[in-house]
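# A structural walkthrough
Okay, here's what each chain looks like letter by letter:
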Amino acid sequence: MDGPRQRVLEATYVCVARWGLSKTTVEDAAREAGLSRATVYRYFPGGRDELIDAVVSWQYLRFFGRLYEEVRGAGSLEEVLERGLAFARQALLEHEVLQKVLQTEPDVLLPKLTVESNRTVGLISGFLVPYLHEHALAPGVDIHSAADFLARMILSYISSPGHWDLGDPVQVAALVRTELLAGVLAARPAVG
Amino acid sequence: MGAVRLELVRPSGAGASSEHEAGERVPVRVRVIDSALDCIARQGVAKTTLDDVARQAGCSRATVYRVFPGGKEGVLSAVVDTEVSRFFSALAVRMGQAGDLEDVLVEGMTEAATRITRHGALSYLLCHEPEVVLPQLAFARMDDVLATASAFTSPFLGRWLDHDEAVRVAEWAARIVVSYLACPAEDVDLTNISEVRALVRTFVLPGIRSLSERGRDDADDGDEGAVPSTGRDRRTPYGGTPDTTSTTSTTKGEAS
């Protein structure tokens, strides 16, 4: 099943949930994983720093993996965006470890998250391009610029929704059809 | 954000001035703040000492303490308040001169992006000491930043939008600026006014039209409102709007 590397990541995550990012050591992770320190170093030669970066990356990708699972069955671009925004916001608020670390160690976490988030713009826009292909775009709109714009906006609304309540499906539907898609799509999206 | 101190705005607005000598009429408080900005732009927050700031300001450490009894923390907090005030004053000047809705957005977003990008101290911190600034700019704190930006800039949109729309659109414009600056795009440079104009015409103005229509539909339907209300009755959208939005490309019909 999961290799030692995965085991170390999961163990490190347990430690981070318990102690936080700064206080988790290679020794803690090794003990939690039931492996030797030497084994942990074999997979993470950079030691603690590499391990902590890896666990943040891993959790970040897992979050977006869940988001992908949530939206990939959606039938339309609007549905992808609506389901994605609502799910991601809820998942973020309910993510206990994230919320705890944001409270206690924002100075440690946020520089790492920013690096991850910048990579994610490309991932999200790549995911959206096929959906955009199914629509007539507004005149003069380049599909990749549109996907890039949407990806940035999605990341922004998920982490800081401002005055929008993403727990309210009516507001999410309005957000998608105004600030997200109004300039992107040629025709007004059908309002159910 | 502290009290807005408009008297602190420098005419040029550019980098802090090392040529402010003692004896000039620049108040010592402003000299200390500008010196701190210079120091931070050069060496960051952690390495900057009150001695550095005093030397740069051409005054004694005791003088710095007299003006800022809180010491380094006091200076830093005054620096933040002052820079926020300067930023919004400059935005106000630029947005106040705009002649239509498109221009007020384009001018405001370009000014904001340019000031943020070229801010020496902020650039240094984002690059070398992100742990100092990012906690003020993420998640719930970014919600606060967006709310502040919206509160300050929405009145300048009020000539063309009703209050609720202006508040929403101002928040959205701030969100766009932050998003593109946080992770620079290959093909969008928000310090370039023609690129900002293209972005505003493509994505923002159609969005504003749809927000207005939605708000109007809600008012007609008398329901709760699909877009969040900021607590005021709606007037007719685009009341008195100059003929600017028609210059943008759209195929959207007006029939709803």
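Quick caveat: nothing in here was measured; it's all calculated off a predicted structure. (Residues numbered from 1 in each chain as written. Chains lettered and ligands numbered in written order. Predicted model: local features only at pLDDT ≥ 70, side-chain atom pairs only at ≥ 80, totals over all residues.)

## Some thoughts on the confidence of the model for chain B
Detail in the predicted coordinates should be disregarded across regions flagged by low pLDDT. All names here are of chain B. For clarity, the cut-off: pLDDT expresses, on a scale from 0 to 100, how confident the predictor is about each individual residue. Two residues form a contact once the distance between their C-beta atoms, set from the backbone, is within 7 Å.
Chain-level pLDDT for chain B is 83 on average; 75% of the residues reach the 70-or-more range. Low pLDDT, under 50, characterises residues 1–22; the stretch is placed with 31 contacts to residues that sit more than four places away or in other chains. Here residues 231–256 scores under 50 on pLDDT; set against residues more than four positions off or in separate chains, the count is 37 contacts. Overall fold confidence for the complex sits at a pTM of 0.86, while the interface term, ipTM, reaches 0.94.

## Points about helix H9 (residues 163–182) of chain B
Using the following cut-off: Numbering of helices and strands runs from the N terminus; a helix is a DSSP stretch of H or I covering at least four residues, while a strand is a stretch of E covering at least two. The length a helix should cover is 1.5 Å for every residue beyond the first. Our exposure labels follow a C-beta count within 10 Å of each residue's own C-beta, placed from the backbone: buried means 20 or more other C-beta atoms, exposed means 12 or fewer, and partly exposed covers the counts in between.
With 20 residues, H9(B) extends 28 Å from end C-alpha to end C-alpha; this agrees with the ideal 28 Å at 1.5 Å per step. A large share of H9(B) lies buried, amounting to 17 of its 20 residues.

## Concerning the domain arrangement of chain B
Residues and elements named next belong to chain B. This is how it is decided: Bear in mind that the domain bounds are from an automatic or database domain assignment. Nonpolar residues are Ala, Val, Leu, Ile, Met, Phe, Trp, Tyr, Cys and Pro. Charged residues are Asp, Glu, Lys and Arg, and all others, Gly as well, are polar.
Split into domains, chain B comes out as domain 1 (1–96) and domain 2 (99–219). Each partner contributes residues to the interface: domain 1 has 15 residues there, and domain 2 has 17 residues. Taken together, the elements giving at least two residues each to the side of domain 1 that touches domain 2 come down to helix H1 (28–47) and helix H4 (71–96). The element that contributes the greatest number of residues to the side of domain 1 that touches domain 2 is H4, accounting for seven residues. Looking at the side of domain 1 that touches domain 2 residue by residue, the classes come out as eleven nonpolar, three polar and one charged.

## Some details on the interface of chain B and chain A
When the parts come together, some accessible area is lost, and that loss is often what is quoted as the size of the interface. Every contact between the two is made by 35 residues of chain B and, on the other side, 37 residues of chain A. It is helix H10 (residues 193–221) of chain B that provides the largest number of residues to the side of chain B that touches chain A, a total of nine residues. For the side of chain B that touches chain A, the per-class residue count stands at 18 nonpolar, eight polar and nine charged.

## Some details on unusual backbone geometry
All names here are of chain B. At phenylalanine 139, a residue that is not glycine, the phi angle is positive and equals roughly 50°. The residue phenylalanine 139 is located in helix H8 (residues 139–157) in this model. A count of 18 C-beta atoms within 10 Å places phenylalanine 139 in the partly exposed class.

## With respect to the environment of His95(A)
All names here are of chain A. For histidine 95, the position within the fold is in the loop between helix H5 (77–94) and helix H6 (96–104). The exposure class of histidine 95 is partly exposed, given the 14 C-beta atoms found within 10 Å. Histidine 95 sits 32 residues away from phenylalanine 63 along the chain, and the two C-alpha atoms are 9.5 Å apart.

## What to know about the packing of helix H4 (residues 48–71) of chain A against H5(A)
Residue and element names in this part refer to chain A. Our working rule: To define axes, lines are fitted to C-alpha atoms, for helices over the stretch in contact only, and angles between the resulting N-to-C directions are given on a 0 to 180 degree scale. By convention, the crossing between two helices is left-handed when the near helix turns anticlockwise from the far helix through less than a right angle, and right-handed when the turn is clockwise.
In the contact formed by H4 and H5, the axes pass within 9 Å of each other and the chain directions differ by 145°. Once H4 is placed against H5, the crossing between them reads as right-handed. Of the residues in H5, those in contact with Phe63, Arg66, Leu67, Glu70 and Val71 of H4 are Val80, Arg83, Gly84, Phe87, Ala88 and Ala91. In terms of residue class, the contact of H4 with H5 is made up of seven nonpolar, one polar and three charged.

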